[in-house]
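Observations on the three-dimensional arrangement
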Amino acid sequence: MADRVIYAMYDDDDVIKTAAKKLVADGIHITDVFSPFPIHGIDPIIGVKHTRMGNVAFIFGLIGMSLALFGMRYFMIVDWPMNIGGKPNFSLMENLPSFIPITFEFTVLFAAHGMAITYLLRNKTLPGMPADNPYPRTTDDRFVMEILLSDNPSFTAEEIQAKVKQTDIVQVEEKEFKKIK
Amino acid sequence: MHKESAIREPLILGHKTYHDITEDVCRSIEGKAPRNWYIMFGISLLVGLYGVGCILYLLGVGIGTWGLNKTVEWAWDITNFVWWVGIGHAGTLISAVLMLFRQKWRMAINRSAEAMTIFAVFMAGMFPLIHMGRLWVGYWVLPLPNEFGSLWVNFNSPLLWDVFAISTYLSVSFVFWYIGLIPDFATIRDRAKSPVAIKAYSLLSFGWSGRAKHWNRFEIVTLVLAGLATPLVFSVHSIVSFDFATSVIPGWHTTIFPPYFVAGAVFSGFAMVQTLLLVLRKAMHLENYIHTKHVEYMNIVIMTTGSMVGVAYLTELFMSWYSGVEYEAYAFLNRATGPYWWAYAFMMTFNVVSPQLMWFKKLRRSLMFTFFISIVVNTGMWFERFVIIVTSIHQDYLPSSWSMFYPTWVDIGVYIGTIGLFFMFYMAYVRYFPVLAMAEVKTILKSSGESYKNGSAELNSGSDDEILTNNKNN
């Protein structure tokens, strides 16, 4: 049987937060929330884990830093040492002070781009990707909860709808679930 | 919810809802462009094309067509380069540094300031490239394996640091700007009517749908990018100043340059933001979002950084005497009293005296006055770079080779042309891009919106006790 989904629409971020708290307390698993802007504090309520994007940036930064240092050591010390104004070029340590700016820039370059690309890939937001927000107004001023029936095996669709209707909803709708991406 | 003191001035005026914010920002994108827009765009396009023509001519005949001579071998090109990079510093400062400091007033101006940054850095990057004379070998600045033996670029040279700094800055600023733009493009996409607009904004919005997990990542990614961009902003203009500071030319060889250049960059960047936003808010009817308070905050930044620049000028003067180096002392004496005394006088009045007027509350809250001062500061900062570059070298160690610099029509054309191109990009941006970070402005509506602050907003969030009590207390 194809999965079905219940969409509950709200018109305020604080209302949807209160409603989510109540529904979760009732034992309903909220699959996702669509909103036009980040709702602070909704993540722990619906069980979204904290992102690890910060670690990604750190790792990419390390890669960038090592690449810059290895690269400059190879170019300037190993492959073709140049005597420029009598400045030391015999070892990486001696020449390090003038390598600092590029090492820093390269670290930032790698950390920023590496994290941004990972972010886009993980979100599946890439040029040409289809959007999968259920209603166009969720990017304007509507807040929508997505409750998949397969995530809530202990409730029937009617039970969930009844519980959702007790909160301050604008509308509630049950649909065939179509996975877009 | 984040609480804010009731006596703090609201950042969003009038009775606005989330939907109103969307409407106010999208109106200009969805409607027809006013005639003034076409006029402005047309003028910038023509000026920009003239500039492109001058650049092509320059590439054809070589940089001998500039007014440079064997004494003054750096002049307008590098002046313009540093000027544009400086202007480009405000955008990232607003979006990154003010974000780390949790300044909510940045939300209304960050998008446009970042756009300004990107276009300005783009203009800046052009000058070193065309100064190479042979643009087609511009890729030689990259450490590429090549056929000239294993000859690599010189990683000890500040000029190469510049290449890395500017390109990192340009690309990271762009990424920062675009990541913020994606959700706003999605808003426009979901409202678009015409098939072309739907197609275009679908492509631009990368299929953003605003899931909770995505917003969670969005917030961390923007925070980390802000953390990365903050030292980047400071490093970029420091590295630009190394171009001068690591040389042994009297007047350039000073350790004060990095902090002094960074303060100057922020100073001129904010002036340019004022120039652009004062027009933009009027033309696009965004007075409720970018109002006197925002202008006042920016004027305070201008005043602070202007004072830093003033202190730097005076320190430089003092050190030239105190160092006891006669060449250094002469360089500064010549700046103030030599043939370029007028440029020095412009620099001093425009950059040191004019921002001090912002101490008066009446003046810093006056929009007309702010606009005037912003133009003055922009001009003054151009003169600063001109003074540093040209007056330090035009009378060198050998009096027989002393000379003056006179710009040719190509010098002027290339400079005016970049201003044209900059405004052309900016006009295109205000027409098709959301000029306000909608998603971000919506997050501060409840804490800093006027109607929410004074309690007149009809709170449809009746179920939230927290807000109700808060409302009663007000």
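The rules behind these values
- Residues numbered from 1 in each chain as written.
- Chains lettered and ligands numbered in written order.
- Predicted model: local features only at pLDDT ≥ 70, side-chain atom pairs only at ≥ 80, totals over all residues.
- Heavy atoms only, no water.
- Patch = residues over 30% accessible without salt bridge, like charges linked within 9 Å, V, L, I, M, F, W, Y side chains within 5 Å.
- Areas by Shrake-Rupley, 256 points an atom, 1.4 Å probe, with all protein chains shown as cover.
- Salt bridge = Lys/Arg side-chain N within 4 Å of Asp/Glu carboxyl O.
- Helix = DSSP H or I, 4+ residues; strand = E, 2+ residues; numbered from the N terminus.
- Buried < 20%, exposed > 50% of the residue type's maximum accessible area, 1.4 Å probe, protein only.
- Contact = heavy atoms within 4.5 Å.
- pLDDT = per-residue confidence, 0-100.
- Expected span 1.5 Å × (residues − 1).
- Buried area = accessible area lost by both parts, 1.4 Å probe.
- Nonpolar A, V, L, I, M, F, W, Y, C, P; charged D, E, K, R; others polar.
- Pairing = 2+ DSSP bridges.
- Polar contact = N/O pair within 3.5 Å; in protein donor to acceptor, adjacent residues only side chain to side chain.
- Axes fitted to C-alpha atoms, helices over the stretch in contact; angles between N-to-C directions.

1. Points about a nonpolar patch on the surface
Taken together, the side chains of A:Phe58, A:Ile59, A:Leu62, A:Ile63, A:Met65 and A:Leu67 make up a nonpolar region of the molecular surface, amounting to roughly 560 Å² of accessible area. Mapped onto the secondary structure, A:Phe58 falls in helix α3 (residues 53–79).

2. So, the environment of B:Glu316
All names here are of chain B. Here Glu 316 shows up in helix α10 (residues 292–322). Glu 316 gets classed as buried once you look at its relative accessible area, which sits at 5%. Taking C-alpha positions, Glu 316 is 14 Å from Gly 264, a pair spaced 52 residues apart along the chain. The residues touching Glu 316, leaving out its near neighbours within four places in the chain, are Gly 251, Thr 254, Ile 256, Phe 257, Tyr 260, Phe 332 and Arg 335.

3. A look at the confidence of the model for chain B
Detailed reading of predicted coordinates is not advised where the pLDDT is low. Residue and element names in this part refer to chain B. Looking at chain B, the pLDDT average stands at 87 and 94% of residues meet or exceed 70. Taken together, the stretch residues 459–474 has pLDDT below 50 and engages in 24 contacts with residues farther than four places along the chain or on a different chain. Here the predicted complex scores 0.89 on pTM and 0.92 on ipTM.

4. A look at helix α5 (residues 110–131) of chain B
Residue and element names in this part refer to chain B. A rise of 1.5 Å per residue sets the reference length of α5, with its 22 residues, at 32 Å; its end C-alpha atoms lie 32 Å apart and thus fit the reference within 8%. Among the 22 residues that make up α5, 18 are buried, leaving the element largely enclosed by the rest of the structure. Downstream of α5 by one or two residues, Gly 133 has phi in the positive range, about 80°.

5. What to know about the environment of B:Thr187
Among the structural elements, B:Thr187 can be located in helix α6 (residues 158–191). The spacing of B:Thr187 and B:Glu114 is 73 residues in sequence and 20 Å in space, taken between C-alpha atoms. Setting aside its immediate chain neighbours within four residues, B:Thr187 contacts A:Thr139, A:Asp140, B:Thr22 and B:Met438.

6. A word on unusual backbone geometry
A positive phi angle, near 55°, is found at A:Lys124, a position not held by glycine. Looking at where A:Lys124 falls in the secondary structure, it is placed in the loop between α4 (92–123) and β3 (143–148). We classify A:Lys124 as partly exposed; its relative accessible area is 39%. Phi is positive for B:Arg102, close to 55°, though the residue is something other than glycine. Tracing the chain through its elements places B:Arg102 in the loop between α4 (89–100) and α5.

7. Describing the interface of chain A and chain B
Listed by partner, the interface residues are 69 residues for chain A and 60 residues for chain B. When chain A packs against chain B, the two sides together hide about 5900 Å² of surface, and 63% of this comes from carbon and sulfur. Inspection of the region where chain A meets chain B yields six salt bridges. Note that B:Lys446 and A:Asp13 form a salt bridge whose closest N and O atoms lie 2.8 Å from each other. Breaking the side of chain A that touches chain B down by element, the ones donating at least two residues are α1 (13–25), β2 (32–34), α2 (42–46), α3, α4 and β3 of chain A. Take the side of chain A that touches chain B: its biggest share by element is 19 residues, from α4(A). Split into classes, the residues belonging to the side of chain A that touches chain B amount to 37 nonpolar, 14 polar and 18 charged.

8. What about the side chain of B:Glu384?
If you trace the backbone, B:Glu384 turns up in helix α14 (residues 367–393). Those residues within four positions of B:Glu384 in sequence are excluded, and the remaining contacts are B:Tyr260, B:Val309, B:Tyr313, B:Met347 and B:Asn351.

9. Some details on the pairing of β3(A)
Residues and elements named next belong to chain A. In terms of burial, β3 is a largely internal element, six of the six residues being buried. Note: strand β1 (residues 4–10) against β3, six bridges, orientation antiparallel. Considered in β3, the bridge of Ile 6 is made with Ile 147. Judged from the three bridges that link them, β2 and β3 form a sheet pairing that is antiparallel. Residue pairing across strands places Phe 34 opposite Val 144, the latter belonging to β3.

10. Things to note about the side chain of A:Asn123
Along the polypeptide, A:Asn123 turns up in helix α4. Relative accessible area serves as the criterion here: at 1%, A:Asn123 is assigned to the buried category. Looking at A:Asn123, its side chain comes within polar contact range of the side chain of B:Arg217, at 2.7 Å. Discounting residues that sit within four places of it in the chain, A:Asn123 has contacts with A:Lys181, B:Trp208, B:His214 and B:Arg217.

11. Let's talk about the sheet that holds β1(A)
Whether parallel or antiparallel, the strands of a sheet pair through hydrogen bonds between backbone atoms. Residue and element names in this part refer to chain A. One open sheet accounts for four strands, arranged β2-β3-β1-β4; its pairing is antiparallel. Since the sheet does not close on itself, it has two edges, and those belong to β2 and β4 (171–176), each with one partner. Neighbour-to-neighbour, the strand axes of this sheet turn through a mean angle of 20°, independent of strand direction. Pairing analysis gives six bridges linking β1 to β4, with the strands arranged antiparallel. Counterpart to Met 9 in the pairing with β4 is Gln 171.

12. Thoughts on the pattern of salt bridges
Residues and elements named next belong to chain B. The final tally for this structure, using the stated rule, is 25 salt bridges over all chains. The partner of Glu 440 in a salt bridge is Arg 106, with the nearest N and O atoms 2.9 Å apart. You can see Glu 440 sitting in helix α16 (residues 438–448) and its partner Arg 106 sitting in the loop between α4 and α5, a full 334 residues away along the chain. Judged on exposure class, the residue Glu 440 and its partner Arg 106 are both buried. Counted as one network, the salt bridges with shared partners bring together Glu 9, Lys 293, Glu 296, Arg 364 and Arg 365.

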